[in-house]
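# Survey of secondary and tertiary structure
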Amino acid sequence: MTQRASDNQFFNLEKARILLLDGDTMSVAILTQILAGFGAKNLIKCTAVDAAKAHALKGEIELFLIDPSVEGGSGYKFVSWLRRTCPPPNRFSSILAVSGHTPVSTVKQVRDMGYNFLVAKPLTPTGLYQRIMWVARERRPYVQNKFYAGPDRRFKFEGLPPGSDGRRESDLPADLGDPSAPNMSQEDIDAMVQPLRISI
Amino acid sequence: MSTHLHFSANKLSAAIKSGKPRTLKQCIAQADENLRNIGQACVEHINQHIQLLENEMACWPAAFDGAYLKGIYDISLRLIGVGSVANLPAIDHAARSLCDVVDGMITRSAGDREPVLVHVKSLRLLNAHGQPPEVCAAILAGLSKVRDKYIARAE
C-alpha cells in the first residue's frame, strides 16, 4: 500500500460529505483541523452512534471516519449496521477506522466488520491523505452474505492455491495452452504500452 | 443466505475529482497550520488526562477489577495522537505503551499496580516541554521493557 504524496498532485475534499464518529472531542478536533486543511466543508461531527445513524439515514455521505472504540466498542456495531441495514448508497460508502490502540484483535475486528481501512493514531496530514486516496482509488466489489458484509477482502490475488482449479467463474487453469498467434515484435509491444507522438 | 456481489461506483473518488484543483502542498500546509492552532488546547487536554490518571491511581482496587482497568485504558487511549499535535510526541508513545500494558492485564484478568504507576509517572515527566531528547528516549526505553513484559504475558 504505497501511495507517495507528490506536491504536484491535486486534492480537494470540498465536495465530499464526511461523517466523523468519535467519543473524544479532542480527537474530533484534530481530525476536523486536518480535513478542513484538505478543503472539507461538509463535516458531520458525531460523538454518539445514534446521532451518526440518524445522519447516515438522512443524506448521502462519501466518507466515514470512525473510532471503533466509541461508546465502549459500538463503532464496530455501527459499521455492521451501515453495511447490512443502512440503505444504499451509504451502505457502500468508504469507511476508515481511526484508532489509537491497534492490537491484532482490533485489526481483525475492523476487517471483519466491513471497514475499508484502519488508520492508526497519531494522525498526520500526509498519512491521512494517503489513506483517503487509497480508499478513493479502491475498486473492490462489496460482498454480502450470512457471515460478512463489506468490501471484498480478497484483494491480494496471488494466483490459485496449489492443486486447486479455483472457485471463481473468472479463474483460469494454471496450465498454458499452445500459442494461438505469432509472438509480437518489440516495436508492436512498445507501441501498445508506450504510445509515441508522431508528426504527420 | 447466498453471497451477493455489488459493484458500486466509488463516490469518494468522484467527490474528490469534482472539487476545485488545489495542490497537495497547499492542503498539507493548511492542515499543519490548523493543527498548530489547536496545539495549546492539546497541551491542556494532556494535563487534564494525566491528572485523571493520577486520580485513578490513588484509588487502585485491592482485587482485580476489569471495569477499573478499562477506565484507565480509556483515559490513556484519549492521549494517543494528542501528544504529536502538542509537540510532545513521547506522550503518544508512553500512552500507547500504557494501553498495551493495561490491555494485557485485562486479558489475563490480573491487575498489577507498579507497571501502571511507572507509566503514569513517566507521562508526567514527558509532559514537560523542553525535556532533552535523550531523557525522553531513556524514559521510553524503560517503558518499552515494562510493556514487553506485560504484553508478552498477555499473548
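This one's a predicted model, so the numbers in the text were calculated from it and none came from an experiment.

When helices and strands are tallied, chain A shows six helices and seven strands. When the helices and strands of chain A are read in sequence order from the N terminus, they spell out β-α-β-α-β-α-β-α-β-α-β-β-α. Within chain A, the fraction of its 200 residues that count as buried is 48%.

A word on the confidence of the model for chain B. The predicted coordinates of low-pLDDT regions are not to be read in fine detail. Per-residue pLDDT for chain B averages 93, and the proportion of residues at 70 or more is 97%. For this predicted complex, the interface score ipTM comes out at 0.92, while the overall pTM is 0.84.

Reading across the sheet, the three strands line up as 7(A)-6(A)-1(B) and stay open at both edges, with antiparallel pairing between neighbours. The two strands at the open ends of the sheet, each matched to only one other strand, are strand 7 (149–151) of chain A together with strand 1 (4–6) of chain B. Across this sheet, the average inter-strand angle for adjacent strands is 20 degrees, counted without regard to direction. Together, strand 6 (142–144) and strand 7 of chain A form the strand contacts of helix 3 (residues 70–84) of chain A, whose direction differs from that of strand 7 of chain A by roughly 85 degrees.

Evaluation of the coordinates by the stated rule reveals two cavities of 30 Å³ or more. Roughly 100 Å³ of internal volume is contained in the largest cavity. Surrounding the largest cavity, 14 residues form its lining, Phe92(A), Ser94(A), Tyr142(A), Ala9(B) and Asn10(B) being those nearest its centre. Split into classes, the residues belonging to the lining of the largest cavity amount to five nonpolar, five polar and four charged. Lining of the second largest cavity is provided by Asp24(A), Ser27(A), Ile30(A), Lys121(A), Leu123(A), Arg78(B), Ile80(B), Gly81(B) and Val82(B). When grouped by side-chain class, the residues that make up the lining of the second largest cavity number four nonpolar, two polar and three charged.

Before going further, it helps to examine the side chain of Lys121(A). Its location among the elements puts Lys121(A) in the loop between strand 5 (117–120) and helix 5 (125–136). Reaching out from Lys121(A), the side chain makes a polar contact with the side chain of Ser27(A) at a distance of 2.8 Å. Once residues lying within four places of it in the same chain are set aside, the contact partners of Lys121(A) are Asp22(A), Ser27(A), Val98(A), Ser99(A), Gly100(A), Ile80(B), Gly81(B) and Arg96(B).

What follows deals with the side chain of Arg140(A). Residues and elements named next belong to chain A. As for its placement among the helices and strands, Arg140 is situated in the loop between helix 5 and strand 6. A polar contact of 2.3 Å, which involves the side chain of Arg140, links it to the side chain of Glu138. Separated by 2.8 Å, the side chain of Arg140 and the backbone oxygen of Asp152 make a polar contact.

Our next topic: the interface of chain B and chain A. On the side of chain A, 52 residues touch chain B, which itself brings 46 residues to the contact. Of the roughly 4,100 Å² buried between chain B and chain A, counting both surfaces, carbon and sulfur atoms make up 65%. Contact with chain A buries area across many residues of chain B, yet Lys11(B), Leu12(B) and Leu24(B) alone supply 17% of it, more than any other trio. Along the contact surface separating chain B from chain A lie one salt bridge. Lys11(B) is the partner of Glu60(A) in a salt bridge, and the nearest nitrogen-oxygen pair spans 3.8 Å. Between chain B and chain A we count 16 residue pairs in polar contact (both at pLDDT 80 or more) in total. When contributions to the side of chain B that touches chain A are tallied by element, the ones reaching two or more residues are strand 1, helix 1 (11–18), helix 2 (24–37), helix 3 (39–57), helix 4 (66–77), helix 5 (82–85) and helix 6 (89–108) of chain B. With nine residues, helix 2 of chain B is the single largest residue contributor to the side of chain B that touches chain A. One ladder, built from three bridges, connects strand 6 of chain A with strand 1 of chain B; its direction is antiparallel. The residue bridging Gln144(A) from the neighbouring strand is His4(B), located in strand 1 of chain B.

What counts, and at which threshold
- Residues numbered from 1 in each chain as written.
- Chains lettered and ligands numbered in written order.
- Predicted model: local features only at pLDDT ≥ 70, side-chain atom pairs only at ≥ 80, totals over all residues.
- Heavy atoms only, no water.
- Helix = DSSP H or I, 4+ residues; strand = E, 2+ residues; numbered from the N terminus.
- Buried < 20%, exposed > 50% of the residue type's maximum accessible area, 1.4 Å probe, protein only.
- pLDDT = per-residue confidence, 0-100.
- Pairing = 2+ DSSP bridges.
- Axes fitted to C-alpha atoms, helices over the stretch in contact; angles between N-to-C directions.
- Contact = heavy atoms within 4.5 Å.
- 1 Å grid on protein atoms, 1.4 Å probe; cavity = no way out; pocket = protein on both sides within 12 Å on 5 of 7 lines; lining within 4 Å.
- Points joined across faces, edges and corners; volume = space filled by probe spheres on them.
- Nonpolar A, V, L, I, M, F, W, Y, C, P; charged D, E, K, R; others polar.
- Polar contact = N/O pair within 3.5 Å; in protein donor to acceptor, adjacent residues only side chain to side chain.
- Buried area = accessible area lost by both parts, 1.4 Å probe.
- Salt bridge = Lys/Arg side-chain N within 4 Å of Asp/Glu carboxyl O.

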